[in-house]
Amino acid sequence: MLLEVKNMELDFQSIDKHWQLYWAENQSNKVLEDTNKPKYYVLDMFPYPSGAGLHVGHPLGYIASDIYARYMRLKGFNVLHPMGYDSFGLPAEQYAIQTGQHPALTTAKNISRYREQLDRLGFSYDWDRQVKTSSPDYYRWTQWIFKQFFNAFFNTALNKAQPISELISEFSIKGNEGSNAYSDNQLIFSAKEWNEFTPNEQEKMLLNYRLAFLSETWVNWCPKLGTVLANDEIINGLSVRGGYPVEQKKMMQWSMRIKAYAERLLSGLDNLDWTDAIKDQQRNWIGKSVGATVFFAIEEHSELKLEVFTTRPDTLFGVTFMVLAPEHPFLEQIVPVEFKGAVKAYQVEVSKRTERDRQADVQHISGVFTGAYAIHPFTKKKLPIWTGDYVLSSYGTGAVMSVPCGDQRDYAFAKHFNLPISNVFKGVNIDQEAFAEKTGVISNSEFLDGLEINKAIEVACQRLVAEKNGFRKVNFRLRDAIFSRQRYWGEPFPVYYENEIPKLVADEHLPIELPVVDAYLPTESGEPPLARSKKEDWNHFQGDRMEYNTMPGWAGSSWYFLRYLDPNNKEEFVGKDKVAYWQNVDLYIGGNEHATGHLLYARFWTKFLFDMGFIPFDEPFKKLINQGMILGRSSLIYRIKGQNTFVTLSKKSAFETDPIHVDINLVSADKLHLSAFKNWLPEYADADFILEDDGSFICGYEVEKMSKSKFNVQTPDDLIEKFGADTLRMYEMFLGPVEQSKPWDTKGITGVHGFLKKLSRLFLSKDAAWGVVDDAPSKEMLKILHKTIRRVQDDLDRFSFNTVVSTLMIAVNELTDLKCNHKQILQPLLVLLSPYAPHLAEELWRVMGLPDGTCALQAFPIFDESILQESTYDYPVSFNGKMRFKHTFDLSLKEKEIADFIVALPLTQKYLEGKTPKKVIVVQGKIVNIVS
RNA sequence: GCGGAUGUGGUGAAAUUGGUAGACACGCCAGACUUAGGAUCUGGUGCCGAGAGGUAUGCGGGUUCGAGUCCCUCCAUCCGCACCA
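A brief structural summary. (Residues numbered from 1 in each chain as written. Chains lettered and ligands numbered in written order. Predicted model: local features only at pLDDT ≥ 70, side-chain atom pairs only at ≥ 80, totals over all residues. Heavy atoms only, no water.)

1. Comments concerning the overall build of chain A
As a reminder of what qualifies: Under the scheme used here, helices are H or I runs from DSSP no shorter than 4 residues and strands are E runs no shorter than 2 residues, and both carry numbers assigned from the N terminus. Per-residue accessibility takes into account occlusion by the displayed protein chains alone, with areas from the Shrake-Rupley method and a 1.4 Å probe. None of His or the chain ends enter the tally, which takes Lys and Arg as positive and Asp and Glu as negative. Charge positions come from single atoms, namely NZ of Lys, CZ of Arg, CG of Asp or CD of Glu.
Each helix and strand in chain A was counted, giving 30 helices and 36 strands. Projected onto its principal axes, the C-alpha positions of chain A cover 100 × 85 × 70 Å. Put simply, chain A shows about 42,300 Å² of open surface, and 51% of that area lies on carbon and sulfur atoms. Here chain A contributes 105 positive and 119 negative side-chain charges, whose respective centroids are spaced 3 Å apart.

In structure tokens form, the structure reads like this:
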């Protein structure tokens, strides 16, 4: 019976193992639909299984969600708490390029390591529901959902997606004039014209409407590597890998028409229980701005109308020139011969810089005059057209009307190139800078003169519409999401080509599995790795060729929370009955870095699947908590420049040194273990040291992101080995609020470990026998218990995971003082503890011989208010807000009685120093304040 | 430049609606026990002061009987970004 007690101490390691085995063997965490209980869905953002394994930062959110899942089970909910892996991704592919090993193999290896580490923490996941985005059983449905996007368009009148077949029949009856279908297409055709299109022409036209579509997009192209690069992979116009030049290039790419959902993605935020910080980030990303589209005629090109978007149509009379993005298509046509050379040279120069570079560099102003002129819609004056890289092709129309008096960028551009500036603001000085405030009165603007700005916007819009020179327009910053990647390790598209027209593979041939390739690199001609495959390498091959791009990382993660509901369904991506029962995620916990990527895409896919009638809700995550990052504490040593000599921290200022990261395992309490350091890497074997006066070598430190290259990664494994899983779980919570970023530091872990030992001592009698008694507890003990029940419950209800730990510590301290070994107290206490320390709670429950199965199957103790009711209260008495002494009164006493009594006290007279009180404030049950 | 977050002891932090600032823990100091241990237990610990007392939540103001909490100005640190027309 005392199996887990050694030398009067609990053996946490055996307890962990025993219960982890028990849970696995008894399928304790398996969950099924149960209509007798309310459901609750607790989800973690699933991890990418990297080769480095889990570090102490990962479990922070997992521990919090596990505690909450266990709490909600005790509260009587049927809790769904699954886990899986976002297992497609670049690192596995990079590793494959280097080693030739198939990414599926390394991924499988990493997953099993992750699983082992997760299991050691005692998480209550229902592993039968595990999903892996790289498994064909899973990505079959990612491909299927892609097909639904391809087969749909967005109806702006109904504000929802609909089958493309409806649009096709609409076109064949009345063409596309006045159509409500969302599109960037400008071409108008009649029903007759539509019906006379060849099938290929029809298909090309439909790509302008489909929610998943093919179009030409600008990409960062590295000719030397033969591949497209992400912004992250480029520094100063050179690829991080190899340092080769990168240029902007147009390429056929799949995209998702997320812009169609911009308005709904924005308004949907209002009803979500997310922090304002993250909602603001999404609002900012979506970037709604209200203004007008204005058309400018171009001199000598009557066939062209230059379209610009402005939020300030009231400043139209302040326009003194136009600026086009260097990528603007009009530049091909409008630039006179004598200017072509300069414009071309500028375009080439700009194409070497990524959009990110262009945006980061605010100081540097560049541009060239195109030699062409636009015509002002009202004044008919000539406006010179420039091209400049501060105008981005991807925002708005890629062209701006420049109003130097009202926009600082236009102002700076005008000053730099000595272009005219005309002031349209009444009584405002613009000698030094533009006036960007949206207040004041317009002048110098013909029919807008004397109007207040909002009124002027109104009038300008009316005039634009009346003269057919523009219209009101809502613009979004959000861009359509590029959906193809030139990579191997991602989902293949369910697409083949016939005469360069993309066609969908029939459902019965899904999944299209990743074909075997001889190398995970692009082909010589710069085609994606899949193009290396031969026809027979595909499990299904159709048409002239298959699609060689793969899907991006966010494809699989945009819907995985739905697959957990029904992970083994062979007929549907999720069963209707299953999704009707579990609904959307009640609590979602994960890192802040996904604020605008994953969280926005998942919302987009959910809204689409809702529109198509597949799921009964249109927001995926009701409540969101962003856990903070756990930062590493790196150790630094200082090497004298050009020597192999290292200086201790306090003496480093006397030398010129380089800081070098040193493995934190070679350092304890900032002292470097010298012999271990010499053995660490061969280059340090004969290093010299300049030591402190006491003979030690002290390291410097820095708090930064945990990473392998900084040698500051703390894995949970060693700590679990030393203290057990429960200690680590509690300690990570005890560090502070989950939302907060904090440096990892194990200094305090002994405190939490000591608490668990102290708690278990309540259950032991002197001779290490289990000494729990059935005697009735004292009133005092009951008070401690119920005070604790209330606080644990209140704190968990507001996700204050850290304060629960100290509440439990206080309870144990107080019960220890009372030498409490009463079952009536200790039994409910174990239930309170169990979400945090499930292994120990179960073990104590078992050894106590308590009934009703395991601790996890109990109900959360019921808080009894009456036990805590007091008849008296110890009032703090303060003078001018400063607390001086306390006095106990019956709680039934009224304000007036208390005030009179307090004023009469000799102690009060002492603090009054002879003055008469001006006012005595008594808040019943709270405080007394005497103002003198 | 824009947006967001955070500033409380030597350290991590607590204080849910304005009502006893620093709970709980680490660390430190003193002691007990002990065939030295990273075990356990007891007491102390914001700062100044011998003490009475004073003082203290990034700085400076304000509202209030009362402010860590609400309002204004400023400062510092961290994170994100997109010169957004």
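2. Notes on helix 1 (residues 12-25)
Inclusion rule: Any helix carries an expected span of 1.5 Å times its number of residues minus one. Partly exposed residues are those whose accessible area sits between 20% and 50% of the maximum for their type, while under 20% is buried and over 50% is exposed, using a 1.4 Å probe and protein chains only. Arc definition: directions from the helix axis to the C-beta atoms. We define a polar contact as two N or O atoms separated by no more than 3.5 Å, with the added condition that, inside protein, one atom must be a possible hydrogen donor and the other a possible acceptor, whereas residues neighbouring each other in sequence contribute only through side-chain atom pairs.
With 14 residues, helix 1 should cover 20 Å at 1.5 Å per step; its first-to-last C-alpha distance of 20 Å lies within 8% of that length. By the burial criterion, the buried members of helix 1 are Phe12, Ile15, Asp16, Trp19 and Trp23. Buried residues of helix 1, seen end-on, are gathered within an arc of 100° and therefore sit on one face of the element. Along helix 1, the residues that are exposed and aim more than 90 degrees away from the buried face are Lys17, Leu21, Ala24 and Glu25. Structurally, the start of helix 1 carries an N-cap: the backbone nitrogen of Gln13 is 3.2 Å from a side-chain oxygen of Asp11. Positive phi appears at Gln27, one or two residues downstream of helix 1, with a value of about 50°.

3. Thoughts on the layout of surface pockets
The criterion, for reference: Residues are called lining when one of their atoms sits within 4 Å of a cavity or pocket point, these points coming from a 1 Å grid over the protein atoms alone, where a cavity is a set in which a 1.4 Å probe fits but cannot get out and a pocket is an open set with protein on both sides within 12 Å along at least five of seven lines. Grid points are joined across faces, edges and corners, and a volume is the space filled by probe spheres set on the points. Residues are grouped as follows: Ala, Val, Leu, Ile, Met, Phe, Trp, Tyr, Cys and Pro are nonpolar; Asp, Glu, Lys and Arg are charged; all remaining types, including Gly, are polar.
Roughly 990 Å³ of internal volume is contained in the second largest pocket. Forming the boundary of the second largest pocket are 34 residues, of which Tyr390, Val400, Asp407, Arg409 and Asp410 lie nearest the centre. For the lining of the second largest pocket, the secondary structure elements donating two or more residues are strand 13 (301-310), helix 13 (355-360), strand 17 (399-402) and helix 14 (408-416). Per-element tally for the lining of the second largest pocket: the top contributor is helix 14, with five residues. For the lining of the second largest pocket, a count of residues per class yields 14 nonpolar, 11 polar and nine charged.

4. Side note on the pattern of salt bridges
Going by this rule: Within this document, salt bridges are pairs made up of a side-chain nitrogen of Lys or Arg and a carboxyl oxygen of Asp or Glu, the two lying within 4 Å of each other.
What the rule picks out here adds up to 38 salt bridges. We note a salt bridge from Glu500 to Arg545, for which the minimum N-O separation is 3.6 Å. With Glu500 in the loop between strand 20 (495-498) and strand 21 (501-504) and Arg545 in strand 22 (residues 545-546), this residue pair connects regions lying 45 residues apart in the sequence. With its nearest N and O atoms 3.4 Å apart, the salt bridge here joins Arg791 to Asp795. Of the two residues, Arg791 and Asp795 both sit in helix 24 (residues 779-797), four residues apart, roughly one turn of that helix. With relative accessibility at 35%, the residue Arg791 sits in the partly exposed group. Judged by relative accessible area, which is 3%, Asp795 ranks as buried. Through salt bridges with shared partners, a single network forms among Arg264, Arg603, Lys607, Asp611, Asp618 and Glu619.

5. As for the pairing of strand 5 (residues 152-155)
Threshold: Should DSSP find at least two bridges between two strands, the strands are regarded as paired.
Both faces of strand 5 are covered, namely the face carrying Ala152 and Phe154 and the face carrying Phe153 and Asn155. Of the strand pairs in this sheet, strand 5 and strand 6 (residues 160-163) are connected by four bridges, and their pairing is antiparallel. Residue pairing in the sheet places Ala152 in a bridge with Pro163 of strand 6. Between the end of strand 5 and the start of strand 6, which pair antiparallel, lie four residues, with Asn159 showing a positive phi angle near 60°.

6. Considerations on the state of the cysteines
Heads up, the rule is: Counting rule for disulfides: a pair of cysteine sulfur atoms within 2.5 Å.
The tally for this structure, following the rule as stated, stands at zero disulfides. Between Cys461, a free cysteine, and Cys405, which holds the nearest cysteine sulfur, the sulfur-to-sulfur gap is 17 Å. Cys855 provides the cysteine sulfur closest to Cys820, a residue in no disulfide bond, and the two sulfurs are 16 Å apart.

7. Focus: the packing of aromatic side chains
Centre-to-centre distance and the angle between the planes together describe a pair of aromatic rings. Quick note on the threshold: Any two of the Phe, Tyr and Trp rings considered here, Trp counted by its six-membered ring, make a pair once their centres fall within 6.5 Å; the pair's planes then place it as stacked at under 30 degrees, edge-to-face at over 60, or tilted in between. The rule for a charge over a ring is simple: NZ of Lys or CZ of Arg within 6 Å of the ring centre, and within 35 degrees of the ring normal.
In this structure the tally under the stated criterion is 72 aromatic pairs. Considering the side-chain rings of Phe149 and Phe608, the 3.9 Å spacing of their centres and the 20° angle between planes classify their relative orientation as stacked. Of this pair, Phe149 sits in helix 5 (residues 136-150) while Phe608 sits in helix 19 (residues 598-611); the two residues are 459 residues apart in sequence, bridging distant segments of the chain. Like Phe149, the residue Phe608 is buried in the burial classification. Their ring planes at 50° and their centres at 6.4 Å tell us that Phe799 and Phe801 sit as a pair that is tilted. As far as burial versus exposure is concerned, Phe799 and Phe801 are alike and both buried. Between the NZ or CZ atom of Lys305 and the centre of the ring of Phe295, over which it lies, the distance is 4.3 Å. Here Lys382 stacks its cationic end above the ring of Tyr373, 4.4 Å away from the centre of that ring.

8. Focus: the sheet that holds strand 21
Reading across from one edge, 21-20-22 is the order of the three strands in this open sheet, with antiparallel pairing throughout. Of all the strands in the sheet, just strand 21 and strand 22 have a single pairing partner and so form its edges. When strand 20 meets strand 22, the two strands line up antiparallel, connected through two bridges. Pairing of Tyr496 across the sheet is with Met546, part of strand 22.

9. Brief notes about helix 24
Heads up, the condition is: Two residues qualify as a contact provided that any one of their heavy atoms is within 4.5 Å of a heavy atom in the partner residue.
Taking 1.5 Å of rise per residue, 19 residues should cover 27 Å, and helix 24 covers 27 Å from first to last C-alpha, within 8% of that figure. Of the surrounding elements, those touching the buried residues of helix 24 are helix 2 (59-74), helix 25 (801-817), helix 26 (823-833) and helix 28 (865-868). Trailing helix 24 by a residue or two, Phe799 shows a phi angle of about 55°, which is positive.

10. What to know about the sheet that holds strand 23 (residues 585-591)
Where we set the bar: Note on geometry: axes are C-alpha line fits, over the in-contact stretch for helices, and angles between N-to-C directions span 0 to 180 degrees.
Ordered in space as 4-3-23-24, the four strands form an open sheet in which the pairing is parallel. What marks the edges here is a single partner per strand, and that holds for strand 4 (78-80) and strand 24 (621-627). This sheet shows a mean twist of 20° between the axes of neighbouring strands, independent of strand direction. Where strand 3 (residues 39-44) meets strand 4, three bridges bridge the pair, whose relative direction is parallel. Among the inter-strand pairings, Tyr40 is bridged to a residue of strand 4, identified as Val79. Docked against the sheet, helix 2 engages strand 3, strand 4, strand 23 and strand 24, running at close to 170° with respect to strand 3.

11. What about the environment of Leu600?
Looking at the element boundaries, Leu600 is found in helix 19. For Leu600, a relative accessible area of 1% puts it in the buried group. The spatial distance from the C-alpha of Leu600 to the C-alpha of His102 is 31 Å, given a sequence separation of 498 residues.

12. Let's talk about the packing of helix 26 against helix 27 (residues 838-847)
The test is simple: Each angle is binned into one of four classes, with values under 35 degrees roughly parallel, values over 145 roughly antiparallel, values of 65 to 115 roughly perpendicular, and all other values oblique. Left-handed describes a crossing whose near helix is turned anticlockwise from the far helix by less than a right angle; the clockwise case is right-handed.
In the contact formed by helix 26 and helix 27, the axes pass within 9 Å of each other and the chain directions differ by 155°. Comparing their axes, helix 27 and helix 26 come out roughly antiparallel. Handedness of the helix 26/helix 27 crossing: left-handed. Together, Gln827, Leu830, Val831 and Leu833 of helix 26 and Ala841, Leu844 and Trp845 of helix 27 make up the contact between the two elements. Here the residues of the contact of helix 26 with helix 27 are counted per class, giving six nonpolar, one polar and no charged.

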